[in-house]
Each structure stands twice: as structure tokens, then as C-alpha cells.
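If you want the building blocks of each chain, they are given just below.
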Number of protein chains: 2
Amino acid sequence: MSAFIDRLVERIRNCGNPVMVGLDPRWDSLPAGLRPDSIGDPQWVADSFERFCCEVIDVVASLVPIVKPQAAFFEQWGPPGMAALHRVVQYARRRDLLVVMDGKRNDIGSTAQAYAEAYLGPNSAWGADALTVSPYLGDDSLEPFVKVCEKTGSGIFVLVKTSNPGGKFLQDLLIDGQPLFTRVARLVQQIAQRTAGSHGYGLAGAVVGATYPAQVGELRAVMPNSWFLVPGYGTQGGTARDVADAFDQHGMGAVINNSRGIIFAHTLPRYAEQFGESRWQDAVAAATREMIEQLQAETRVGSIARPATAP
Amino acid sequence: MSAFIDRLVERIRNCGNPVMVGLDPRWDSLPAGLRPDSIGDPQWVADSFERFCCEVIDVVASLVPIVKPQAAFFEQWGPPGMAALHRVVQYARRRDLLVVMDGKRNDIGSTAQAYAEAYLGPNSAWGADALTVSPYLGDDSLEPFVKVCEKTGSGIFVLVKTSNPGGKFLQDLLIDGQPLFTRVARLVQQIAQRTAGSHGYGLAGAVVGATYPAQVGELRAVMPNSWFLVPGYGTQGGTARDVADAFDQHGMGAVINNSRGIIFAHTLPRYAEQFGESRWQDAVAAATREMIEQLQAETRVGSIARPATAP
């Protein structure tokens, strides 16, 4: 199987945009008809999540290259939730979408190995293309993931600079005058550089929040070989201009995630008015198209559809 | 429901020791009869894990206060693995064991909330007493867990100083002359202090590796109100003397985890010789008793059975 980044670049070229749709199902935001009246039965909620996410996938599969299911929202509903998550991943792959599992997993030694095998291994039970990974356990905790990724052509996105205000508690601490997140960034860059493929990007990407636009550009310079997963667009306040520096001169190098702003677009006043709750799928499509247009207008993403050799 | 620490102290008093048995099933170490010939069928492996863990629980339920299932090893086998994990947790609770889910979970905002509800909430699908949590996302990422713990009398163990060599990559970085892990420790202590119950310990505990004995004592001083979860005993090299400083003057304040050294004792030469693989449960019991004796001989744990007012 080709490397994750090669598959990602191909999908982005085909779609003409790097939008990632975050699959974060919450029972109280589901459209009428899918929203359970009570949340007493986890199986009911899990079934609703599956139907909802698969319908979202039906809408976005022809528009965007990649989706990111958030494990937590499925995990909340126990084994039925996890079974639904599994079917959602399989469905997304059947619709030719790439899948990043957002689990922020990690552990030490053979336990990290188990997480790597779980999500990215040759016999992966979950079948994701990439996984988000936490760096607090250190450099050796990333190695099992790197080895598995090399074997299966999958990828990881390491948390570097997260989009929440409290991220600064550890991430912005100064070490020899530089914030701690640059220490993590240099580690990610080392892995990315030594595993870089034909597009110049390696198997280790970085999570860099859209809510800190100045750091997006700084980190792009520190990690020239790392693909960025940029959360925080839309509901959290990040704009197309805020993420512009995440891209390279070809409009490549980053995927921009939007979760609630797309999947729950029917709850936003302007879409609610236009489509009503019953046409929530049209709201998903409209919100996705709007985000694509914003990125194409404000960033180098507009150049994606042009041949790869264009500057 | 009484607070997690109250339940823990009561269980420790009843058992006379603070041993935590780590439930880390690996298919290639399972005893004959439970070990699958091939790992082609995740359901087969998951069923084997469930039977094995429940049999381990049968052996240790009368000996120790608490178990710690490692989510990764179940997650590796997909939805069937997660269903097995769920049944193992339920079984441990039916046998009056406390359960710490070792998931090292965390995320931001409402996603952290979902993890908190999943494992510790009033309608928790998993039903754990406590959860291990990663701190890289910062102070605000811990708050949803704290609120849920306050509501349900559950607990968290925050990664502070992990047992692996690479933990030093971030954790030992010096900030104003002090290692970063003390910054995390002070945050944990703040939460523990403001939530401290009758035994002096709060709902936020700390993961502190047995493999760094000097730091165990330092961190005990920084976190007088935090219960310690100490991994790294046994297979990773930590000894009873190495963990002695984790305890307070009553022999309370810490649980010492042993995973492979107990559950796979049948693979250790001295137990293999004594019991053979067929009597692997006897090896589990013998290894547990040996660890209890080591802790009672080398630490203040020996005083646990005496009244709580004893010095």
C-alpha cells in the first residue's frame, strides 16, 4: 500500500481542497429523527451515531479527502459505541475517504505497540489510515508507532500545539528561551525528515491549532517535512487566514479540520433558516462548500487543482 | 457512593496491602488452553482474554484491593476486544475489586468531558472507579474529569513521571531549574488538596514510576494530598525499596502495580518449575503473595493492618 501522505496528496488533488470533516457525534445535536428521546439505551445512541455519521459520509465523500472520527464520543457509549465507530470507519473507507482516528493515544513500550497495531497495524482491527498521538511519554513512546507506520504505509499526528487555551500550561513553557512545543516539533520533524517520501512529507505529522495563527507559521518553519492536522477552525474561532501559513507553496502540507461547523450545520441560524432541520444533509453540504471556498480564497489551497509542478 | 479514596483505603485495610494487579493480556503469553493457535479471529482472542482475566480476578480478588486493565491490549482486537474489556471490568467489580482503567486518555473541552462521562460518569458505560489521564493538553483539559469525579466519587491518575527511559524527553526538561514533571505535580496537588477527604487524599492522583526511586520521594513531598499509582515494579526493574517513599506514615498513599510479573508468573522460570503451565493460577497467587511480602518487609505497608491511628 502506498504511504499515507501519497494517498492523502492524491485525494486532495482529486477534491481540490484539504478539508477534514470531524465526526464528533453528540446525541443532543443530532437532527430530529436520529436524536434519541432518551439516552437510556447505549445501543440506541450508538445506532443513531452510526446512521448519522454514515449519512454525513455520503454527503462529504465526493467533496473532501479525509474524515476524522473522534473516538471519545463513541467510547462514551461503551461496547455498542465502539462497534458503531468500527462500522463508521469501514464505511468511510468504502467511500474512498481517508480516515484519521482521533484517539490521542499513547503509552510505553509494548503497550504503545498494542495501540499502534490496533489502529495502524497490518491486521489492524480498526483500519485507520492515521492516528493522533500524545507526546508526554517521550521519544521512545513514538517509536512503536513509527515502525508500524513504516510497515503499513500509515501515519501519526503528534500533538504539538493544541487549540485550547489551557494548552499553554505545558506547551508554552520556555526551555532555553523557546516554548516546549518547539521541542516536540523538532522531534516530529526528525521522524518526518527521515521518513519523507516523494512529496517531501514523512509519516509523522503534527497537530497545530488554528487558534494560534502566529505559531502555525513558526511551526511550519520548524517542521518542513511534517504534514499538519489543524483543528480549531470554525466553532473554536479559527479562520482561513489563520491557517494560511500551514500550507506550502503548492497548497499542500495541511488538512484543516471542522467538526461541529459541518456535521451540525443544521443548528447554525443561517443554515437552519435555509434548510430547516429536515434537510440537515443539505446544510452539511453547504457548510462544507463554504469552508472549501474560504480556504481557496484565502490560502494557497486555490492552486491545488493545478499540476503539481506549478510553483 | 463514597469517594474513590475512601473505598480504596477500606479495601487496602481489608487486604493488608496496596498491590494493584495490571490486567495486560497478550495472546502469546497466555497459558496453554487459553492461548489461541492462530490470531486470525479477533473474537477468539477477545474471548480468551476475557476468560484469562476473569480467572486472574478469581485468584487475586481475595488478596489485593485493586486491578488495572490496560485498554490498549483489548483495543488491539477491535470491538470484540472492547466488549471483553467491558465484561472484565464488570466481573472485577462484582468480585469487590476496585478498577482503574489504564487508558491515558485526554482531549479538550467537550471531548475530555466525553471521556470523563465514558469511564467515570453517573451513567458510565465502562464503570471504572478511576482513569489514567495524560496532561499534555493542559490544566483546562483536566477540569471536566474533576467535575465528573466530584459528582460520582471517582478518581483520576495524571501522568507525572512515567517509568520509561524516554519519559525524560519532556518530563525532565528544566523550567526555572525544576523538572517539568514538578509543574504537572503541583497542578495535580492543587486539585488533590482542594478535593481532599477524611484520609487527606483528593480525587487527583499521580502516576509516578518505580524506576525513578529518587523522584518518588521528591514527588511525595510535592504532592502530599495525591495518591500515587506506581508502575514499573518487577519486570521493569522497580523493587519494594524503590517504592518505599511513595507511602505515608500509615503505609497509605500509594498503590504499586505489577502486571506481567503476576498475571504471567507461569512464564517466569521459578514458578514454571514449581507449578508448570497447567497450574498457572497457582503461579499468579504465589507471585502476588511474594510481592505483598516484599512490600510488607521493605515499606510502611506492614503497618496497614494496624488501626488507622497507629503512627
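Here the structure is a predicted model, which means the values were calculated and not measured.

**A few points about the overall build of chain A**
Right, on to step 1. Helices and strands together make up the secondary structure of chain A, namely 13 helices and 10 strands.
Right, on to step 2. Its C-alpha radius of gyration of 19 Å places chain A within 12% of the 19 Å reference for a compact globule of 311 residues.
Right, on to step 3. If one aligns the C-alpha atoms of chain A with their principal axes, the spans along those axes are about 55 × 45 × 40 Å.
Right, on to step 4. Scored against the burial criterion, the 311 residues of chain A give a buried share of 60%.

**Remarks on the interface of chain B and chain A**
Right, on to step 1. Between chain B and chain A, the residue contacts involve 48 residues of the former and 47 residues of the latter.
Right, on to step 2. For the side of chain B that touches chain A, the secondary-structure elements that each account for two or more residues are α3 (71-75), α4 (78-94), α5 (109-120), α6 (139-152), α7 (168-171) and α8 (180-194) of chain B.
Right, on to step 3. For the side of chain B that touches chain A, the class distribution of residues is 23 nonpolar, 17 polar and 8 charged.

**Describing the pairing of strand β4 (residues 130-133) of chain A**
Residue and element names in this part refer to chain A.
Right, on to step 1. Burial along β4 is two-sided: Ala130 and Thr132 facing one way and Leu131 and Val133 facing the other are all buried.
Right, on to step 2. Looking at chain direction, strand β3 (residues 98-105) and β4 are connected through 3 bridges and run parallel. By the bridge assignment for β4, valine 100 is matched with alanine 130.
Right, on to step 3. Between the parallel pair β3 and β4, the chain is carried across by helix α5 (residues 109-120), and the sense of this crossover is right-handed.
Right, on to step 4. As paired elements, β4 and strand β5 (residues 155-161) share 4 bridges and run parallel to each other. Its bridge partner lying in β5, leucine 131 is registered against isoleucine 156.
Right, on to step 5. A crossover links β4 with its parallel partner β5, the connecting element being helix α6 (residues 139-152), and its sense is right-handed.

**Thoughts on the sheet that holds strand β1 (residues 19-23) of chain B**
Residues and elements named next belong to chain B.
Right, on to step 1. Pairing is parallel around the closed barrel formed by 8 strands, whose spatial order is β1-β2-β3-β4-β5-β8-β9-β10. For this sheet, the mean angle separating the axes of adjacent strands, direction not counted, is 30 degrees.
Right, on to step 2. Judged from the 4 bridges that link them, β1 and strand β2 (residues 66-69) form a sheet pairing that is parallel. Its bridge partner lying in β2, methionine 20 is registered against isoleucine 66.
Right, on to step 3. Where α4 meets the sheet, its contacts fall on β1, β2 and β3 (98-105), and the angle it forms with β2 comes to roughly 175 degrees.

**Digging into the environment of glutamine 70 of chain A**
Right, on to step 1. Tracing the backbone shows glutamine 70 of chain A in the loop between β2 (66-69) and α3 (71-75).
Right, on to step 2. For the pair glutamine 70 of chain A and leucine 170 of chain A, spaced 100 residues apart in sequence, the C-alpha separation works out to 23 Å.

**Considering the sheet that holds strand β8 (residues 204-208) of chain A**
All names here are of chain A.
Right, on to step 1. Pairing is parallel in the closed barrel, where 8 strands are placed in the order β1-β2-β3-β4-β5-β8-β9-β10. Each adjacent strand pair in this sheet contributes to an overall mean axis angle of 30 degrees, direction not counted.
Right, on to step 2. Against the sheet, helix α4 (residues 78-94) engages β1 (19-23), β2 and β3, with an angle of about 175 degrees to β2.

**A few points about α5 of chain A**
Right, on to step 1. In this model, α5 of chain A (12 residues) spans 16 Å end to end at C-alpha, consistent with the 16 Å of a helix rising 1.5 Å per residue.
Right, on to step 2. Buried residues dominate α5 of chain A, accounting for 10 of its 12 residues.
Right, on to step 3. Listed in full, the buried residues belonging to α5 of chain A are Thr111, Ala112, Gln113, Ala114, Tyr115, Ala116, Glu117, Ala118, Tyr119 and Leu120 of chain A.
Right, on to step 4. Its buried side turned inward, α5 of chain A meets β3, β4 and α6 of chain A together with α3 of chain B.

**Some thoughts on the relation of the copies chain B and chain A**
Right, on to step 1. Expressed as a screw operation, the relation of chain B to chain A combines 0.0 Å of axial shift with a rotation of 180 degrees, fitting to an RMSD of 0.0 Å. With respect to symmetry, the two chain copies, as superposed, fit the operation of a two-fold axis.

**Looking at unusual backbone geometry**
Residue and element names in this part refer to chain A.
Right, on to step 1. Even without glycine at this site, aspartate 96 takes up a positive phi of about 65 degrees.
Right, on to step 2. Its location among the elements puts aspartate 96 in the loop between α4 and β3.
Right, on to step 3. Under the C-beta neighbour-count criterion, aspartate 96 is labelled exposed, with 12 such atoms within 10 Å.

**Observations regarding the nonpolar core**
Right, on to step 1. Counting 227 residues, the largest nonpolar core has Val158 of chain A together with Val158 of chain B as the members making the most contacts within it.
Right, on to step 2. Those residues in contact with valine 158 of chain B, other than ones at most four positions away along the chain, are Val133, Pro135, Leu142, Val184, Val188, Ala204, Ala206 and Val207 of chain B.

**As for α8 of chain B**
Right, on to step 1. Counted at 1.5 Å a residue, the expected span for α8 of chain B with its 15 residues is 21 Å, and the 22 Å between its end C-alpha atoms agrees.
Right, on to step 2. Among the residues of α8 of chain B, Leu180, Phe181, Thr182, Arg183, Val184, Ala185, Leu187, Val188, Gln189, Ile191 and Ala192 of chain B are the ones counted as buried.

**Structural notes on the pairing of β1 of chain A**
Regular strands place their side chains on alternate faces of the sheet.
Residue and element names in this part refer to chain A.
Right, on to step 1. Burial analysis of β1 places 5 of its 5 residues in the buried class, which makes it a mostly covered element.
Right, on to step 2. Alternating positions in β1 separate into two faces, Val19, Val21 and Leu23 on one and Met20 and Gly22 on the other, with burial throughout.
Right, on to step 3. Where β1 meets strand β10 (residues 254-258), 3 bridges bridge the pair, whose relative direction is parallel. Of the residues in β10, the one forming a bridge with valine 21 is asparagine 258.

**Here's the deal with the packing of helix α2 (residues 42-60) of chain A against helix α13 (residues 280-298) of chain A**
Residue and element names in this part refer to chain A.
Right, on to step 1. Contact geometry for α2 and α13: axes closest at 9 Å, N-to-C directions at 50 degrees. Considered as vectors, α2 and α13 are oriented oblique to each other. For α2 against α13, the interelement crossing comes out right-handed. Every residue of α13 that contacts α2 at Glu55, Val56, Val59 and Val60 is listed here: Gln281, Val284, Ala285 and Thr288.
Right, on to step 2. Residues belonging to the contact of α2 with α13 are distributed by class as follows: 5 nonpolar, 2 polar and 1 charged.

**Quick notes on the confidence of the model for chain A**
Right, on to step 1. With 97% of its residues at a pLDDT of 70 or more, chain A shows a mean pLDDT of 95.
Right, on to step 2. With pLDDT under 50 throughout, residues 306-311 of chain A is counted as low confidence; its partners more than four residues away or in other chains account for 3 contacts.

**Topic: the environment of tryptophan 227 of chain B**
Residue and element names in this part refer to chain B.
Right, on to step 1. On the secondary structure map, tryptophan 227 appears in the loop between α9 (213-222) and β9 (228-230).
Right, on to step 2. Residue class for tryptophan 227 comes out buried when judged on the 28 C-beta atoms lying within 10 Å of it.
Right, on to step 3. The spacing of tryptophan 227 and valine 255 is 28 residues in sequence and 7.8 Å in space, taken between C-alpha atoms.
Right, on to step 4. For tryptophan 227, the residues in contact, after removing those within four places along its chain, are Ile5, Tyr201, Gly205, Gly253 and Ala254.

Reading guide: rules and limits
- Residues numbered from 1 in each chain as written.
- Chains lettered and ligands numbered in written order.
- Predicted model: local features only at pLDDT ≥ 70, side-chain atom pairs only at ≥ 80, totals over all residues.
- Helix = DSSP H or I, 4+ residues; strand = E, 2+ residues; numbered from the N terminus.
- Rg over C-alpha atoms; globule rule 2.2 N^0.38 Å.
- Buried ≥ 20, exposed ≤ 12 C-beta atoms within 10 Å, placed from the backbone.
- Contact = placed C-beta atoms within 7 Å.
- Nonpolar A, V, L, I, M, F, W, Y, C, P; charged D, E, K, R; others polar.
- Pairing = 2+ DSSP bridges.
- Right-handed = clockwise from strand over helix to strand, strands pointing away.
- Axes fitted to C-alpha atoms, helices over the stretch in contact; angles between N-to-C directions.
- Expected span 1.5 Å × (residues − 1).
- Least-squares fit on C-alpha atoms with pLDDT ≥ 70 in both.
- Core = buried A, V, L, I, M, F, W, Y, C linked by C-beta atoms within 7 Å.
- Parallel < 35°, antiparallel > 145°, perpendicular 65-115°, else oblique.
- Left-handed = near helix turned anticlockwise from the far one by under 90°.
- pLDDT = per-residue confidence, 0-100.

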